Amino acid sequence: MELFYIASDQPVRVLDPTQALPEDGLIWADFPRTEAPGWECWAEPLVGAAIDPEHVADSLNPTHPSFFDGTPDYDMLVFEGLGPSDDPFPLETRTITFFMFDRMLITVRAEDSVSTQKIRQRLLDGRLRMPESPLLLAHLILDNMIDRFLKIREPMDRRYTEMQDELLDTHAPMSDWRALLQGRREVRRLEALSESQLESLDAWRRGTRLDWNSREEVQLRDLTEHVGRVLAHASGQERDLEAAVQLHFASMSHRTNRVVQALTVLSAVFFPLTLITGIYGMNFEHMPELHWRYGYFYALGLLTVVGCGLFWYFRKKHFL
């Protein structure tokens, strides 16, 4: 656990958890999830309130989806963000749980949480305006978590554009359909994740015990708008992939139809030729042309004229 003291008139200080806490200012207690079991025993005497055991269990669950719940003593927000990698393939997520008391923020997170480590370092370096409340501190972390989703849109766009181009190239058909199916699953997962984030933020806005001022309302709307942009992007990518798949199959079907049409035309050209050669291949004794001196050349000429005539006719009708 790391304990930070944040006051507007002095730099951020790291506190000793065994010592008494300052009576003013903002306290941030940050628990990695591997060290978090039993954290409520440390926190309850300091905040003067009992913490719901179900909320404690939720905070220790690394796969809990985004969720909000509150009590008269605190707000609890579970928020699912990206994992340590900025590569969206595969889409890895990490969950952070926020407990917001009157002047204390408690976070329970994964060991490799990028957003909390980044905000922690920026606060210690003095590169951020000091938050005045647990709500504003939670907003800083949430804003960083959502911004990381916004940053993966470009590589995701590039990857899916390559997939779509490959799908629509009939001369280089898609060789690995599993990559496309995995991409569709990732997009749908991102869409569902964004929807749960929006639902949890909306529930937080409606169910919070904290008195939000106009600035904090604007900041929450900003978070919601950013999540909405991620959701819109995921929905657009899913529609584009579905459209590309449909266009691919339509293109392949058209190509197959053209091949079948060409084979049908060729069959139509050779059918009368086969009929003529079949007639002259019969072994009747009194066939007039069998003993004619120019019969062979006449038959070849007839085959050539009929075949070329049919070929010219089908080309004129654009069947070939």
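The structure reproduced in this document is the subject of the present report. Not measured: the values here are computed from a predicted model.

Now for the sheet that holds strand S5 (residues 75-82). With mixed pairing, seven strands are arranged side by side in an open sheet as S2-S1-S3-S7-S6-S5-S4. Of all the strands in the sheet, just strand S2 (10-15) and strand S4 (67-70) have a single pairing partner and so form its edges. Sheet twist, expressed as the mean angle between neighbouring strand axes with direction ignored, is 20°. Looking at chain direction, S4 and S5 are connected through four bridges and run antiparallel.

The next thing to look at is the layout of surface pockets. Its volume calculated, the largest pocket comes out at about 180 Å³. Surrounding the largest pocket, Leu 21, Ile 27, Leu 46, Val 47, Ala 49, Asp 73, Phe 101, Asp 102, Arg 103 and Met 104 form its lining. Of the residues assigned to the lining of the largest pocket, the class counts are seven nonpolar, no polar and three charged.

Our next topic: the nonpolar core. Ranked by size, the top nonpolar core spans 31 residues in total, and within it Phe 98, Leu 123 and Trp 204 carry the most contacts. Of all the secondary-structure elements, those providing two or more residues to this core are strand S1 (2-7), strand S3 (26-32), S5, strand S6 (93-100), helix H3 (114-124), helix H4 (134-151), helix H6 (177-207) and helix H7 (214-280). Here this core takes seven residues from H4, the largest share from any one element. Sequence-distant contacts of Phe 98, defined by excluding residues within four places in its chain, comprise Asp 75, Met 76, Leu 77, Phe 79, Leu 105, Ile 106, Thr 107, Ala 138, Ile 141, Leu 142 and Met 145. Listed in part, the 21 residues of the second largest apolar core include Ala 7, Val 56, Val 78 and Met 104.

Below, the discussion takes up the pattern of salt bridges. Enumeration according to the criterion identifies 12 salt bridges in this entry. Across the pair Arg 148 and Asp 86 runs a salt bridge whose closest N-O atoms are separated by 2.9 Å. Pair noted here: Arg 148 is in helix H4 and Asp 86 is in the loop between S5 and S6, with a separation of 62 residues, a long-range link. By relative accessible area, Arg 148 is classed as buried at 7%. For Asp 86, a relative accessible area of 51% translates into the label exposed. Among the ionic pairs, Asp 202 bridges to Arg 206, the shortest N-O distance being 2.9 Å.

We now examine H4. For H4, with 18 residues, the first-to-last C-alpha span of 26 Å sits near the 26 Å given by 1.5 Å per residue. For H4, the buried fraction is high: 15 of the 18 residues fall into the buried class.

For the rest of this paragraph, the subject is the pairing of strand S7 (residues 104-109). Among the six residues that make up S7, six are buried, leaving the element largely enclosed by the rest of the structure. Alternating residues of S7 divide into Met 104, Ile 106 and Val 108 and Leu 105, Thr 107 and Arg 109, and every residue in both groups is buried. The sheet contact formed by S3 and S7 spans six bridges and is parallel. Bridging across to S7, Asp 30 finds its partner in Thr 107. The pairing of S6 with S7 spans four bridges and is antiparallel. Within the sheet, the bridge partner assigned to Thr 97 lies in S7 and is Val 108.

What counts, and where the lines are drawn
Residues numbered from 1 in each chain as written. Predicted model: local features only at pLDDT ≥ 70, side-chain atom pairs only at ≥ 80, totals over all residues. Heavy atoms only, no water. Pairing = 2+ DSSP bridges. Helix = DSSP H or I, 4+ residues; strand = E, 2+ residues; numbered from the N terminus. Axes fitted to C-alpha atoms, helices over the stretch in contact; angles between N-to-C directions. 1 Å grid on protein atoms, 1.4 Å probe; cavity = no way out; pocket = protein on both sides within 12 Å on 5 of 7 lines; lining within 4 Å. Points joined across faces, edges and corners; volume = space filled by probe spheres on them. Nonpolar A, V, L, I, M, F, W, Y, C, P; charged D, E, K, R; others polar. Core = buried A, V, L, I, M, F, W, Y, C linked by side-chain atoms within 4.5 Å. Buried < 20%, exposed > 50% of the residue type's maximum accessible area, 1.4 Å probe, protein only. Contact = heavy atoms within 4.5 Å. Salt bridge = Lys/Arg side-chain N within 4 Å of Asp/Glu carboxyl O. Expected span 1.5 Å × (residues − 1).

All quantities given are derived from atomic positions and should not be read as evidence of function.
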